[in-house]
Amino acid sequence: MMARPAYSLMPWLDVLAIAAWGLLLLEYWLTGKLYLLIHPNYTWLTVVTGVALLLLATWRAIGILKQPDNFVSQASSHLALLPRGWGSTLLLAMAILGLLITPRAFASQTAIQRGVADAPTLTRVKPQAFRGSANSEDKSIIDWVRTLTVYPEPDAYTGQKAKVQGFVIHPTNMPDQYLLISRFVITCCAADVYPVSLPVKLQESRNAYKPDTWLEVEGQMITETLAGKRQLAIAATSIQPIPEPKNPYDY
């Protein structure tokens, strides 16, 4: 009797790879890790994809059990440059790594690399119509930046109260009495996030607040000349440490 080819288990490798990616997508959704990777608008698509992959894996498993000989002769990889089976092996390995490694939100070093310290209010956000706010303390960092995009004169906001949340950046081009309170904005996925920030004037050295620490800053808006530019800043009256939010990005 002719021995079954050594690669007869390859169809099951396909099933494992497909199922592992379905489980990975659903696990990220259920644990909240998905917030670190994509915009919430695309959560439903990720969930549907995860369910579809699990259904596909189940369908293939049933097919292998019913007609194993039909699947033995099929190639498990369509990557011509890889030996048969390597494609599914790599996909399975990547899914397993995704299940074992917890994604992390971007931090201050990434924000500095993407230019937040050079132009704290320069962003790619879409301008919104300028409207006065009945309660300026309800504005987030991105709300303030959007307002400045429409009407950039900082003196227009002097004296308004502010209450924002974000992580700490120590800008090298500002005096020791200032830090940046920052958030990342996500438009599609983690690959396109970009930072927005506001300068905060402290009553002590910024060394009291470590980079990447999450803070809630309350104070009043003032106009300061920083890095050779007139900028809107928060004169802090209260600074409280807070835990990193489940969803650290803004929209």
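Predicted model, so just to flag it, every value in this text is computed and none were measured. Note that residues are indexed from 1 along each chain, following the sequence as it is written. Since the coordinates come from a predicted model, pLDDT governs what is reported: local features require at least 70, and pairs of side-chain atoms require 80 or more to be given and counted, while whole-chain, interface and lining totals use all residues. Processing note: side-chain calculations cover all non-hydrogen atoms of the structure and skip hydrogens and water entirely.

> Please give an account of the confidence of the model for the chain that cites residues and values.
Summarising the model, the chain shows a mean pLDDT of 82, and 81% of its residues fall at 70 or more. Ignoring residues within four places in sequence, the model shows residues 1–7, a span with pLDDT below 50, making four contacts including any to other chains. Scored from 0 to 100, pLDDT records how confident the predictor is in each individual residue. Residues count as neighbours in contact if any of their non-hydrogen atoms are within 4.5 Å of one another. Low pLDDT, under 50, characterises residues 75–82; the predicted model gives this stretch eleven contacts beyond four residues in sequence or across chains.

> So what's going on with unusual backbone geometry? Which residues, and what values?
Negative phi characterises most residues that are not glycine, and trans characterises most peptide bonds. In this structure, Asp 212 is a non-glycine residue whose phi angle is positive, near 80°. Within the secondary structure, Asp 212 is located in the loop between β3 (194–201) and β4 (214–226). In this scheme, a residue with accessible area under 20% of its type's maximum is buried, one over 50% is exposed, and one in between is partly exposed, where area comes from a 1.4 Å probe on protein chains only. Of the residues examined, Asp 212 reaches a relative accessible area of 36% and is grouped as partly exposed. A positive phi angle, close to 55°, is found at Ala 227, a residue other than glycine. Helical segments are the DSSP runs of H or I of at least four residues, strand segments are the runs of E of at least two, and each set is numbered from the N terminus. Along the chain, the position of Ala 227 falls in the loop between β4 and β5 (229–241).

> Residues and numbers for the nonpolar core, please.
Put simply, buried Ala, Val, Leu, Ile, Met, Phe, Trp, Tyr and Cys residues joined by side-chain atoms within 4.5 Å make one nonpolar core. By size, the foremost hydrophobic cluster in this structure holds 25 residues, and its most contacted members are Trp 144, Ile 181, Leu 198, Val 200, Val 217, Met 221 and Ile 234. In this structure, Val 217 is in contact with Ala 162, Lys 163, Val 164, Ile 181, Val 200, Ile 234, Ala 236, Ser 238 and Ile 239, ignoring residues within four places of it in sequence. In this structure, Ala 105, Ile 169, Phe 184 and Ile 186 belong to the second largest nonpolar core, which totals 14 residues.

> Run through the pattern of salt bridges, naming residues and quoting values.
Salt bridges are counted wherever a side-chain nitrogen of Lys or Arg sits within 4 Å of a carboxyl oxygen of Asp or Glu. Counted by the stated rule, this structure contains six salt bridges. A salt bridge links Asp 176 to Arg 206; the shortest N-O distance between them is 4.0 Å. Here Asp 176, found in the loop between β1 (161–169) and β2 (178–185), pairs with Arg 206, found in the loop between β3 and β4; they are 30 residues apart in sequence, far enough to count as distant. Several salt bridges share partner residues, and in doing so they unite Glu 153, Asp 155 and Arg 230 into one network.

> How would you sum up the packing of helix α1 (residues 10–31) against helix α2 (residues 43–66)? Please name residues and give values.
Running from amino to carboxyl end, α1 crosses α2 at an angle of 155°, the nearest separation of the two axes being 8 Å. Of the possible angle classes, the one that applies to α1 and α2 is roughly antiparallel. Of the two possible hands of crossing, α1 and α2 adopt the one that is left-handed. For the contact of α1 with α2, the residue count by class is 19 nonpolar, five polar and two charged. Inter-axis angles, ranging from 0 to 180 degrees, are taken between N-to-C directions of lines fitted to C-alpha atoms, where helices are fitted over the stretch in contact. By definition in this entry, angles of less than 35 degrees are roughly parallel, angles greater than 145 are roughly antiparallel, angles of 65 to 115 are roughly perpendicular, and the rest are oblique. Take the far helix as the reference: if the near one is turned anticlockwise from it by less than a right angle, the crossing is left-handed, and if turned clockwise, right-handed. Classes in brief: Ala, Val, Leu, Ile, Met, Phe, Trp, Tyr, Cys and Pro nonpolar; Asp, Glu, Lys and Arg charged; the others, Gly included, polar.

> Quick rundown of the side chain of Glu 216? Include the residues and the values.
Among the secondary structure elements, Glu 216 is positioned in strand β4. Lys 163 provides the closest opposite charge to the buried, salt-bridge-free Glu 216, at an N-O distance of 4.2 Å. Here a polar contact is recorded for every N or O atom pair within 3.5 Å, except that within protein the pair must consist of a potential hydrogen donor and a potential acceptor, and residues adjacent in sequence are included only if both atoms are side-chain atoms. At a separation of 2.8 Å, a polar atom in the side chain of Glu 216 contacts the side chain of Gln 165. Leaving out residues up to four positions away in the same chain, Glu 216 has contacts with Lys 163, Val 164, Gln 165, Ser 238, Ile 239, Gln 240 and Ile 242. Two residue types count as positive, namely Lys and Arg, and two as negative, namely Asp and Glu; His and chain ends fall outside the count.

> Describe the side chain of Gln 231, listing the residues and the values that go with them.
Inspection of the secondary structure assignment puts Gln 231 in strand β5. By relative accessible area, Gln 231 is classed as buried at 7%.

> Lay out the packing of aromatic side chains with the relevant residues and their values.
In summary, the pairing rule links any two rings of Phe, Tyr or Trp, Trp by its six-membered ring, whose centres are within 6.5 Å, and it sorts them by plane angle into stacked for under 30 degrees, edge-to-face for over 60 and tilted for everything else. For the structure on display, the rule yields three aromatic pairs. Centroid distance Phe 167 to Phe 184: 5.6 Å. Interplanar angle 20°. Geometry classified as stacked. Placement of the pair is Phe 167 in strand β1 and Phe 184 in strand β2, with a sequence separation of 17 residues. Residue classification places Phe 167 among the buried positions, given a relative accessible area of 2%. Clustering of aromatic rings is evident, with ring pairs tying together Phe 167, Phe 184 and Trp 214. By the criterion adopted, a ring carries a charge over it if an Arg CZ or a Lys NZ lies within 6 Å of its centre and within 35 degrees of its normal. Between the NZ or CZ atom of Lys 139 and the centre of the ring of Trp 144, over which it lies, the distance is 4.3 Å.

> For α2, give the residues involved together with the corresponding values.
How far a helix is expected to stretch is found by multiplying one less than its residue total by 1.5 Å. Taking 1.5 Å per residue as the helical rise, α2 with its 24 residues ought to reach 34 Å, and the 35 Å between its terminal C-alpha atoms agrees with that figure. Listed as buried for α2 are Thr 43, Thr 46, Val 47, Gly 50, Ala 57, Arg 60, Ala 61, Gly 63 and Ile 64.

> So, the packing of α1 against helix α4 (residues 86–100): which residues are in play, and what are the values?
Relative orientation and spacing of two packed helices are given, respectively, by the angle between their axes and the distance between those axes. Taken N-terminus to C-terminus, the directions of α1 and α4 make an angle of 25°; their axes are 8 Å apart at the nearest point. Taken as axis vectors, α1 and α4 run roughly parallel relative to one another. Here the hand of the crossing between α1 and α4 comes out left-handed. Within the contact between the two elements, α1 uses Leu 13, Asp 14, Leu 16, Ala 17, Ala 20, Trp 21, Leu 23, Leu 24, Glu 27 and Tyr 28 and α4 uses Ser 88, Thr 89, Leu 91, Leu 92, Met 94, Ala 95, Gly 98 and Leu 99. Along the lines of polarity and charge, the residues of the contact of α1 with α4 split into 13 nonpolar, three polar and two charged.

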